[in-house]
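# Remarks on the overall topology
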Amino acid sequence: MRFVSFSSGSCGNCYLLLGSHSGVLIDAGVSPRRIKKELEHLHLDFSALSAILVTHDHGDHIRSLGSFCKRLSLPVWTTSTIHEALLRHPFTRDWTGPCRNNLEPQVWNPVTEDFDVQFFEVPHDATQCVGFAIRCGEELFVLMTDLGHATEEALRWASQATTVVVESNYDLDMLLGGNYPDYLKKRISHGIGHLSNADCAEAIACFMHPELRNLFLCHLSGNNNTPELAYASARQALEALGVEPGTVHLRVLRRGEASPLLTL
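What you see is a predicted model; the values in this text were computed from it and never measured.

Our focus in this paragraph is the overall build of the chain. On a plain count of helices and strands, the chain comes out with nine helices and 14 strands. The C-alpha atoms of the chain give 17 Å as radius of gyration, which agrees with the globular expectation for 264 residues (18 Å, within 12%). Seen through its C-alpha atoms, the chain measures out along the principal axes to roughly 45 × 45 × 35 Å. Counting only residues that meet the buried cut, the chain has 56% of its 264 residues in that class.

Shown next as structure tokens:
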């Protein structure tokens, strides 16, 4: 299984998982034109994409979903609640209906030849927001982004995963000392917004286990965080658990910048 982050943050979110025979795009907050160029850099094209998973109905995650549906007619997999929201959203209402595929709860959904998916709800101020547990052979990839706090279910999935992508959105001191209005600071930090660096570190302490090989930090704020702060916080959490450097591949996924193609 291979992974690339095309962009991670409020500027747009889009990730790709590749198996032996198929690829799954997770969220579509980046334009098809940009994804086409990024795929070409990897010596791939749109034929590598077999399906799209959607975490929730905020614009930075679905801004280009309608364009992908119009251009490629890929099956779009998410919950029935999120699909209903997509039918009302101006970015997606004209295009996602024919591509609709509902993820059934608490079962493995065979999304492509390589990937089976279960979803779990996470707290965020969207119509509904979900994380994904994605199974490919013996590998388990878990993505949990845009969560105001780490739920027991999210931690349970992460504690079984070989790769975890987890939000590390903001540094609390930067947020509180910044120029955001009070209502926005509260929205971000009061349980249904985003996960702070410290919250992420606490989550890592809960889900770290010997089989975890990759830990990727996603959805960093451009105003209230830095890659260095997020990385240091997660690294300190691993060190406090006695995890030897190099045992877990720790990486920050950048805003508006593609990662290398990573073998998981």
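Past the structure itself, the notes keep going.
If you walk through the whole model with that rule in mind, you get five aromatic pairs. Each ring, one from phenylalanine 3 and one from phenylalanine 216, has its centre 5.5 Å from the other, and the planes form 15°; the classification is stacked. Note that phenylalanine 3 is positioned in strand S1 (residues 2-7) and phenylalanine 216 in strand S12 (residues 214-218), a separation of 213 residues in sequence. We note that phenylalanine 3, like phenylalanine 216, is buried. When the centroid spacing of 5.7 Å and the interplanar angle of 80° are considered together, the rings of tryptophan 108 and tryptophan 157 count as edge-to-face. Taken together, the residues tryptophan 108 in the loop between strand S6 (100-102) and strand S7 (109-110) and tryptophan 157 in helix H5 (residues 152-158) connect sequence positions 49 residues apart.

Here lysine 70 shows up in helix H3 (residues 65-72). For the pair lysine 70 and threonine 92, spaced 22 residues apart in sequence, the C-alpha to C-alpha distance is 9.8 Å.

This next bit is on the packing of helix H1 (residues 32-41) against H3. Across the interface, H1 lies against H3 with an axial gap of 10 Å and an inter-helix angle of 70°. Relative to H3, H1 is oriented roughly perpendicular. On the side of H1, the interface is formed by Pro32, Ile35 and Lys36, while H3 contributes Ser67, Phe68 and Arg71. In the contact of H1 with H3, the residues fall into three nonpolar, one polar and two charged.

What counts and what doesn't
Sequence order sets the numbering: in each chain, residues are counted from 1 along the sequence as written. Totals for whole chains, interfaces and linings use all residues, but because this is a predicted model, local features are given only for residues with pLDDT of at least 70 and pairs of side-chain atoms are given and counted only at 80 or more. Hydrogens and waters are ignored; side-chain quantities use all the structure's heavy atoms. Strands here mean DSSP runs of E at least two residues long; helices mean DSSP runs of H or I at least four residues long; both are numbered from the N terminus. With the radius of gyration taken over C-alpha atoms, the globule rule is written as 2.2 Å times the number of residues to the power 0.38. Burial here depends on accessible area, computed with a 1.4 Å probe over protein chains only, as a share of the maximum for the residue type. Under 20% is buried, over 50% is exposed, and the range in between is partly exposed. For Phe, Tyr and Trp, where Trp contributes only its six-membered ring, two rings pair if their centres lie within 6.5 Å, and the inter-plane angle classes them as stacked under 30 degrees, edge-to-face over 60, or tilted in between. All axes are obtained by fitting lines to C-alpha atoms, using only the stretch in contact for helices, and the reported angles, taken between N-to-C directions, cover 0 to 180 degrees. Any angle that falls under 35 degrees is termed roughly parallel, while one over 145 is termed roughly antiparallel, one within 65 to 115 roughly perpendicular, and all others oblique. Every residue pair with non-hydrogen atoms within 4.5 Å of one another is taken to be in contact. Amino acids outside the nonpolar list (Ala, Val, Leu, Ile, Met, Phe, Trp, Tyr, Cys, Pro) and the charged list (Asp, Glu, Lys, Arg) are all regarded as polar, and Gly is one of them.

In short, the description is geometric, and any link to function would need to be established separately.
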